[in-house]
Amino acid sequence: MAPTRSTDVERSLGRRMRGAAGLAALAGLAWAARDVPAALGGRLAGARAERAARSPQFRDGTFHNRAGTRTMVADPGRNLVRELIFGKQKRRPTAPVPLLRPSESPAADTTDELNIVWYGHASALIEIEGGRVLLDPVWSDRCSPSALVGPRRLHEPPVRLDELPPLDAILISHDHYDHLDMATVRALLAGQSAPFLVPLGVGAHLDRWGVPADRIIELDWSESHRVAGLKITATAAQHFSGRGLRRDGTLWSSWVVAGARRRVFYTGDSGYFDGYAAIGAEHGPFDVTLMQIGAYDTAWPAIHMFPEEAVNAHLDLRGGLFIPVHWATFNLALHDWSEPVNRLWAEAKARDVRLAVPRPGERVVVDEPPAVDGWWQAIA
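Residues numbered from 1 in each chain as written. Predicted model: local features only at pLDDT ≥ 70, side-chain atom pairs only at ≥ 80, totals over all residues. Heavy atoms only, no water.

A.B. asks: Would you take a moment to explain the sheet that holds strand β12 (residues 263-266) for this structure?
C.D. replies: Paired through their backbone hydrogen bonds, the strands of a sheet run either parallel or antiparallel. In spatial order, the strands read β9-β10-β11-β12-β13-β14-β15; together these seven strands make up an open sheet with mixed pairing. Bordering the open sheet on either side are β9 (224-227) and β15 (354-355), each of which pairs with just one other strand. Sheet topology places strand β10 (residues 230-235) next to strand β11 (residues 254-258); five bridges connect them, and they run antiparallel. What sits directly across from K231, in β11, is A258. Strand contacts of helix α8 (residues 307-316): β13 (286-292) and β14 (319-325), with the helix running at about 150 degrees to β14, the strand carrying the most contacts. (Pairing = 2+ DSSP bridges. Helix = DSSP H or I, 4+ residues; strand = E, 2+ residues; numbered from the N terminus. Contact = heavy atoms within 4.5 Å. Axes fitted to C-alpha atoms, helices over the stretch in contact; angles between N-to-C directions.)

Here's what the structure looks like:
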């Protein structure tokens, strides 16, 4: 039977509606992806490239670890993609992660003050001798150049960025998305006056995002900058960098934050290497170390520490209190969500290492740390 005029009209209308829906979807994708090119960051050029070329860490156009490393190790009997999709690991908590709002900093002689506030993943605040130093701030919902795809937060930030106290310095360990976030940088640019201290080359990203040159301090390993009575030193790490297809166009680092009396070490991301003993000998002992414990795997053993290796590094560094970071907030590996801190707790007890495991937002007074209570086990 021949189609009626009403059927033709319905089909035509349907095609138009599908076309309009397709255009709307494309427009939505284009809108969501509008910031992706900027989020990829900048590239070494001009004086910044010339300075990088003089670094002992730079050769053949890229930065290198002091020892030869591979970011991935082949395992012919393992399919990582299949494991990611079908693996039985419990990579997310079973209930909301408990958040705390930082208590008021205890009244104390600021010449001896030392507190740590962990906000989740690698983001933390060091309160030291009256100064405030923010580490690797990431407040976005995803650690990705896109608002639509990429690892999503497993808990909200415990405070808003505009609730942070006035900062004296903002440290970035390297340019991976879970440590350097464009939206967070732009918010801190508007809401704070502190300089950004970054490894060589990372200033190119900040420059593209509108951070003025007088707020960008780029350091090579073993170089220092003084601010607010503190000496902040970029130290070695064993990792890699990159925000797009190009690898190792910027340097990565760990950090030493030293006052007149107190000292803090932060790993950034790193595999275990003999550089920790050298850093401990030159800059230690440390009152507290903030150590990466999560996102490890036998497929990339040289660039992220296993929890037991983090304890080794802490002892090499001559550390006092151990505070774990780089866990709980983003799902970046194939292990169980709670495995890093469970392994750490067991190793710390076995080796008599002082340990504090704060909830996100909890302030740890380094001289009077809270007892480890296993809070994460109830939601694992």
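Read on for the rest.
A.B. asks: Sorry if this is basic, but what is going on with the packing of aromatic side chains here?
C.D. replies: The relation between two aromatic rings is expressed through the spacing of the ring centres and the mutual angle of the planes. Evaluated as defined, the whole model comprises 13 aromatic pairs. Relative to W376, the ring of W327 lies with its centre 6.4 Å away and its plane at 85 degrees, an arrangement referred to as edge-to-face. With a gap of 49 residues between them, W327 in the loop between β14 and α9 (339-350) and W376 in the segment after β16 (363-365) connect regions that are remote in the sequence. With a centroid separation of 5.9 Å and an interplanar angle of 85 degrees, the aromatic rings of W375 and W376 are classed as edge-to-face. Both residues of the pair, W375 and W376, count as buried. Through pairs of rings, three or more aromatic residues link up here, namely W118, W327, W337, W345, W375 and W376. Over the ring of W345 we find K349; its NZ or CZ atom is 4.4 Å from the centre of that ring. (Phe/Tyr/Trp six-rings, centres within 6.5 Å; stacked < 30°, edge-to-face > 60°. Buried < 20%, exposed > 50% of the residue type's maximum accessible area, 1.4 Å probe, protein only. Lys NZ or Arg CZ within 6 Å of the ring centre and 35° of its normal.)

A.B. asks: I'm lost on the packing of α8 against α9 in this one. Help?
C.D. replies: To characterise two packed helices, one gives the angle between the axes of the helices and the distance between these axes. Here α8 crosses α9 at 45 degrees, and the two axes come no closer than 8 Å. Taken together, α8 and α9 sit at an angle that is classed as oblique. As α8 packs across α9, the resulting crossing turns out to be right-handed. Every residue of α9 that contacts α8 at P307, E308 and V311 is listed here: P340, R343, L344, E347 and A348. (Parallel < 35°, antiparallel > 145°, perpendicular 65-115°, else oblique. Left-handed = near helix turned anticlockwise from the far one by under 90°.)

A.B. asks: Just to check I follow, could you spell out the pattern of salt bridges for this structure?
C.D. replies: Pairing of side chains with opposite charge becomes possible as their charged atoms draw close. Taken as a whole and assessed by the stated rule, the structure comprises 18 salt bridges. Among the salt bridges present, the one from R160 reaches D162, with a minimum N-O distance of 2.9 Å. For the salt bridge of R262 with D367, the shortest nitrogen-to-oxygen distance reads 2.8 Å. Of the two residues, R262 sits in the loop between β11 and β12 while D367 sits in the segment after β16, which places them 105 residues apart along the sequence. A residue is classified by how much of its surface remains accessible, and D367, at 47% relative accessible area, is partly exposed. The network of salt bridges with common partners includes D112, R261, R262, D287 and D367. (Salt bridge = Lys/Arg side-chain N within 4 Å of Asp/Glu carboxyl O.)

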